[in-house]
Amino acid sequence: MASSETVCCICALFFGGIFCTLIWTATAKHTFQIDYENNCFKKDGESFRYISGSIHYSRVPRYYWKDRILKMYMLGLNAVHTYVPWNFHEVMPKKFVFDGDKDLEHFLQLANSTGLLVILRPGPFIDAEWDMGGLPAWILKKSNVVLRSSDPDYLAAVDQWMNVLLPKIRPFLYNNGGPIISLQLEDEYGSYFACDYDYLRHLVKLFRYHLGDEVILFSTDASSIHAVKCGTVDGLYATVDFGPTENITACFEVQRHFEPKGPLVNSELYTGWLDHWGEKHQVVATSIVTKALDTVLGLGANVNLYMLIGGTDFGYWNGANTPYAAQPTSYDYDAPLSEAGDLTDKYFAIRDVIRKYKKVPYGPIPPSVPKFAYGPVPLKKLSALSEMLDVMCPSGPVKSVYPLNFVQLNQYFGFVLYRTSLPKDCSNPTSLSSPLNGVHDRAYITVDGVPQGVLERDKVLSINITGKAKATLDILVENQGRISVGRYINECKGLITNLTLGKDFLTGWTMYPLDIDEAVSRGLKEKSRKPSMSSRSSAFTAPAFYIGSFDIPSGIPDLPQDTFINFPGWTKGQIWINGFNLGRYWPARGPQITLYVPRHILSTSAPNNITVLELEKSPCDVKPCVVEFVDTPVLNATVSNIFPGRKLFVGLY
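Only a predicted model underlies this, so the values are computations on that prediction, with no experimental measurement involved.

**Brief notes about the sheet that holds strand S5 (residues 46-48)**
The antiparallel open sheet is built from three strands, whose spatial order is S3-S4-S5. With one partner strand each, in any of the chains shown, strand S3 (32-35) and S5 form the two edges of the open sheet. Taking each pair of neighbouring strands and ignoring which way they run, the sheet shows an average axis angle of 40 degrees. Looking at chain direction, S3 and strand S4 (residues 40-43) are connected through four bridges and run antiparallel. Opposite Asp35, over in S4, you have Cys40 as the bridge partner.

**Quick word on empty space enclosed by the protein**
Applying the stated criterion to the full structure yields six cavities of 30 Å³ or more. The volume enclosed by the largest cavity comes to roughly 90 Å³. Around the largest cavity, the lining comprises twelve residues; the ones closest to its centre are Ala326, Glu456, Lys459, Gln480 and Arg589.

**Examining the environment of Val626**
Position of Val626 relative to the elements: it lies in strand S35 (residues 625-630). Beyond its immediate sequence surroundings of up to four residues, Val626 is in contact with Pro376, Val377, Pro378, Leu379, Pro568 and Trp570.

**Some points on the packing of helix H8 (residues 286-298) against helix H9 (residues 345-354)**
Axis separation between H8 and H9 bottoms out at 10 Å; the angle between their running directions is 20 degrees. The angle between H8 and H9 places the two elements in the roughly parallel class. In this structure, H8 meets H9 at a crossing whose hand is right-handed. Contacts between H8 and H9 involve Thr286, Val289, Thr290, Leu293, Asp294 and Leu297 from the first element and Lys346, Ala349, Ile350, Val353 and Ile354 from the second. Residues of the contact of H8 with H9, tallied by class, amount to seven nonpolar, two polar and two charged.

Cut-offs applied
Residues numbered from 1 in each chain as written. Predicted model: local features only at pLDDT ≥ 70, side-chain atom pairs only at ≥ 80, totals over all residues. Heavy atoms only, no water. Pairing = 2+ DSSP bridges. Helix = DSSP H or I, 4+ residues; strand = E, 2+ residues; numbered from the N terminus. Axes fitted to C-alpha atoms, helices over the stretch in contact; angles between N-to-C directions. 1 Å grid on protein atoms, 1.4 Å probe; cavity = no way out; pocket = protein on both sides within 12 Å on 5 of 7 lines; lining within 4 Å. Points joined across faces, edges and corners; volume = space filled by probe spheres on them. Contact = heavy atoms within 4.5 Å. Parallel < 35°, antiparallel > 145°, perpendicular 65-115°, else oblique. Left-handed = near helix turned anticlockwise from the far one by under 90°. Nonpolar A, V, L, I, M, F, W, Y, C, P; charged D, E, K, R; others polar.

Below is the structure:
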């Protein structure tokens, strides 16, 4: 900060130690600029280099923002990177939400009060292994819209969003006394097929209109000439990203090709890597990360550690890659702070590297948050999903000769139940097929309530079913997460092409868009249940809800605490605790076995209600069934690699 400022220090007990918040009373205008002559940034007229870490506020509960930000500060960072996921704030058109866990302004205030600058990445596209790369699915109602381009329909939606977002951001710019020193436009745009310079110029003009000419706008692209060439235009400072095993000198030479002068910047130095269901948990050795960080800092470069903490894809927010593979609920990323915010050996090793180049804060580091194993909780079957359609779809079904996709049904996440009747007798096993790979992404099949099997995108395109003519055929389709990067981010979900029974196309569909979250939040009520129908295959049970509850004693100090939930004997589904959608579980495929449960959703004053939607095979029909709260996560279960050959740090375009 400029020496002409008045500094006040307010100290308070925090995590058992002293935490001091600096409050700066500005008497001179702040400036943050690029010094092309000296190849660096200048902050208030002084040479400056940032060492930053990525945290996605959308993946960390607001309850824990302060804890995670303070740990980043104590690591020795002087800045944080964060994305703004458009679809997180505008799930439905023109319905903007900026409160609770979506309170971006509060997050920025916390960073500022902790003494950290902010590099903001407001998109509109962000990738981040987030559903549809942060774009809202309702844009796809214009079926021919070209995303991430100067398509008029797309730009109209972008402008509408940015006209809301950017005025909120402006007071937090550094030159206005806030923490934001720069903003990234788009994300790795040079790897997208469109290569639309008019689109990038439109974004530059839009950002300048709302934010002024002083703030630094930049681009980030993979470290190749082609990627940066299509990813930046005049008005954007070009930066690169690369993994810790890359040739660092060569990567920065790519940046120098486009920015002969100015600061070197790696906007994403990967500290770990992402996971997919059915693949092994990715781990990057601490020694590899610290060696690369030491090299980058030794070159005088600016760097952002992606990720510093990964967090969790609660609910349905996970993304996917091509060939189609969805990310699990955990976004642990093998980062220096674990998914639950725990300190790791990697954290302290990185701190040792940073202290070679700058002072790290003195004082106690907030400890890892305690975990508690609450133990097993019995569950009982409430009802088959098909018996609760009046509760799950209160507005009623939609009918069509041919199946409609999720967007056509105004259903952007979760599940749709497609129903028709068998047009002929299928007493002998008859093929139910998706000949054009039209199940996006996974379909759970029953005939008159009897489970038949699963169709799965790219993997299982046909199963045999049995049933009498005019029997009810139910197909529950799960959206497992939209592709988050590449040319296929415009994919549709649901039954996107028709199904065949034998050689005949199925018609006459009744479709139920399911609002399960709302129904669970109101509390599911037990109904008189029909007798369970026996399955053709012991491998499946019909999708159904299971419920249970547990108490946490109020007289024990420090409870509730964080925990993890395990699913012994369960297969695949979704879980809610006290109405909060924790996310997807899939221990049958792995590698993630347990789900993270943050303490703020638990209660000591009332029973904690658990709702499980098991989609494939419940253990409850053969034995007493439980879920179990444990104090240690399991993210690295042994799995058979469904997609062998994927490599670390390679673009997933």
